[in-house]
Amino acid sequence: MATTSAIPPADMTLDELKEALAPLLGGHTAFDGWSEQALAMAAAELGVPADRARIAFPGGAVDMIDAWFDWVDRSMLLAFPPERIAAMKIRERIGELILFRFQLLRPYREALRRALATLAMPQNAIAAGRLAWRSADRIWRTAGDTATDYNHYTKRAILIGVYGSTTFVFLDDESEDMAATRAFLARRIDDVMQFEKVKARFTSRAGRRPSLSRFLGRLRYPN
């Protein structure tokens, strides 16, 4: 998926250049890894010097992966405007958002495999966690989530687990129309929905239990 920017590559700022190069990286990193060679080929495809492209990614491979994942996120946001999301139920929203990402990445599965291997290195653990959280947060926000309490964090943590485990199925999925990935994702979402039902019942019961703090409050401020 090539860049659609109307700005000539030679006139781009470094941030604009990074954004323009991001969708091109997957087509080259499958063969050369997340390396300077792959970046140079993406730069040649865009029509900018390799030296300038390297300046846009001072963190090397991790910066390149960061930009590539950001491109996936931005593509998802564009494909699911609020009016499209509004017509779906919550489980359908999450499922469709994740499946869209896999469909976008399907031609670049080897690049994704190499990206995950890079992020799995101990020195990249913090960056891996940050990128996983960012994608989970953007998926939930696109789905319309506005939670600001502890649910904000639990939803994203659970989604990271669902998305991560489904990704490993996707990487080896040779079935027609990603049937294996779709089935696995559906089962995982079912598990999450069951968990949410149990949590809701527990929270409701907890709210009806006698509360020492409420009792003391009534003693202090009787109605």
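Further up the page is the structure itself.
Residues numbered from 1 in each chain as written. Predicted model: local features only at pLDDT ≥ 70, side-chain atom pairs only at ≥ 80, totals over all residues. Heavy atoms only, no water.

## Some thoughts on the overall build of the protein
Our working definition: A helix here means a DSSP run of H or I that spans at least four residues, while a strand means a run of E at least two residues long, and both kinds are numbered starting from the N terminus. Here the term buried applies to any residue with accessible area under 20% of the maximum for its type, exposed to any over 50%, and partly exposed to those in between, with areas from a 1.4 Å probe on protein chains only. The criterion used for residue contact is that any of the two residues' heavy atoms lie within 4.5 Å. Surface accessibility follows the Shrake-Rupley procedure with a 1.4 Å probe radius. Residue values consider only the protein chains on display as shielding.
Secondary structure assignment for the protein yields 11 helices and zero strands. Tracing the protein from N to C terminus, the helices and strands come up as α-α-α-α-α-α-α-α-α-α-α. Here the protein, with 223 residues, has 39% of them falling under the buried criterion. If you take every contact in the protein between residues at least 6 apart in sequence, the share linking residues at least 24 apart comes to 67%. Summed over all atoms, the accessible surface of the protein reaches about 12600 Å², with 59% contributed by carbon and sulfur.

## Structural notes on the nonpolar core
Put simply, the test is: Buried Ala, Val, Leu, Ile, Met, Phe, Trp, Tyr and Cys residues form a nonpolar core when they are joined through side-chain atoms within 4.5 Å.
In terms of nonpolar packing, the biggest core is built from 55 residues, with Leu21 and Trp68 touching the most fellow members. Other than its neighbours up to four places away in sequence, tryptophan 68 contacts Ala22, Leu25, Gly26, Trp34, Leu105, Tyr108, Ala111 and Leu112.

## Comments concerning helix α2 (residues 36–46)
Spelled out, the test is: What the arc covers is the set of directions going from the helix axis to the C-beta atoms.
Considered for burial, the residues of α2 that qualify are Ala38, Leu39, Ala42, Ala43 and Leu46. Along the long axis of α2, the arc covered by the buried residues comes to 140°, so they all point the same way. With respect to the buried face of α2, the exposed residues turned more than 90 degrees away are Gln37 and Ala44. Where α2 is buried, its residues meet α1 (14–32), α3 (50–56) and α4 (61–79). A positive backbone phi angle near 95° is found at glycine 47, which sits one or two residues after α2.

## Considering the packing of helix α7 (residues 109–119) against helix α9 (residues 150–171)
Rule in force here: As a rule, the C-alpha atoms of each element are fitted with a line to give its axis, helices using only the stretch in contact, and angles between N-to-C directions run from 0 to 180 degrees. The scheme is simple: roughly parallel for angles under 35 degrees, roughly antiparallel for over 145, roughly perpendicular for 65 to 115, oblique for anything else. It is the rotation of the near helix from the far one that decides the hand of a crossing: anticlockwise by less than a right angle makes it left-handed, clockwise makes it right-handed. Residues are grouped as follows: Ala, Val, Leu, Ile, Met, Phe, Trp, Tyr, Cys and Pro are nonpolar; Asp, Glu, Lys and Arg are charged; every other residue, Gly included, is polar.
Between α7 and α9, the shortest axis-to-axis distance is 10 Å and the interhelical angle comes to 135°. Judged by the angle between their axes, α7 and α9 are oblique. The interaxial crossing formed by α7 with α9 has left-handed handedness. Facing α7, whose interface residues are Arg109, Leu112, Arg113 and Leu116, α9 presents Thr167, Phe170 and Leu171. Class assignment of the residues belonging to the contact of α7 with α9 gives a composition of four nonpolar, one polar and two charged.

## Some thoughts on the packing of α4 against helix α6 (residues 90–105)
Across the interface, α4 lies against α6 with an axial gap of 10 Å and an inter-helix angle of 125°. Taken as axis vectors, α4 and α6 run oblique relative to one another. The two elements α4 and α6 cross, and the hand of that crossing is right-handed. For the pair formed by α4 and α6, the contact residues are Trp68, Trp71, Val72, Asp73, Ser75, Met76 and Ala79 on the first element and Leu97, Phe100, Arg101, Leu104 and Leu105 on the second. Residues that form the contact of α4 with α6 fall into these classes: nine nonpolar, one polar and two charged.

## Brief notes about unusual backbone geometry
Across the chain, the bulk of peptide bonds are trans and the bulk of non-glycine residues have phi less than zero. Of note, the phi angle at aspartate 177 is positive, near 55°, even though the residue is not glycine. Position of aspartate 177 among the secondary structure elements: in the loop between α9 and α10 (179–208). Notably, methionine 178 is not glycine yet its phi reads approximately 55°, a positive angle. Structurally, methionine 178 can be placed in the loop between α9 and α10.

## Remarks on the packing of aromatic side chains
Think of a pair of aromatic rings as described by two things: how far the centres are apart, and how the planes are tilted against each other in angle. Put simply, the test is: Any two rings among Phe, Tyr and Trp, with Trp reduced to its six-membered ring, count as a pair given centres within 6.5 Å; such a pair is stacked if its planes are under 30 degrees apart, edge-to-face if over 60, and tilted if neither. Two conditions define a charge sitting above a ring: the NZ of Lys or the CZ of Arg must be within 6 Å of the ring centre, and it must be within 35 degrees of the ring normal.
Considering all chains together, one arrives at eight aromatic pairs under this definition. Taking the centre distance of 5.2 Å and the plane angle of 55° together, the rings of tryptophan 34 and tryptophan 68 count as tilted. With a gap of 34 residues between them, tryptophan 34 in the loop between α1 and α2 and tryptophan 68 in helix α4 connect regions that are remote in the sequence. Like tryptophan 34, the residue tryptophan 68 is buried in the burial classification. Aromatic pair phenylalanine 102 and phenylalanine 170: ring centres 4.6 Å apart, planes at 20°, arrangement stacked. Of this pair, phenylalanine 102 sits in helix α6 while phenylalanine 170 sits in helix α9, and the two are 68 residues apart along the sequence. Connected via pairs of aromatic rings, a cluster forms that spans Trp34, Trp68, Phe69, Trp71 and Tyr108. Here the guanidinium or amino end of arginine 109 rests over the ring plane of phenylalanine 170, the centre of that ring lying 5.8 Å away.

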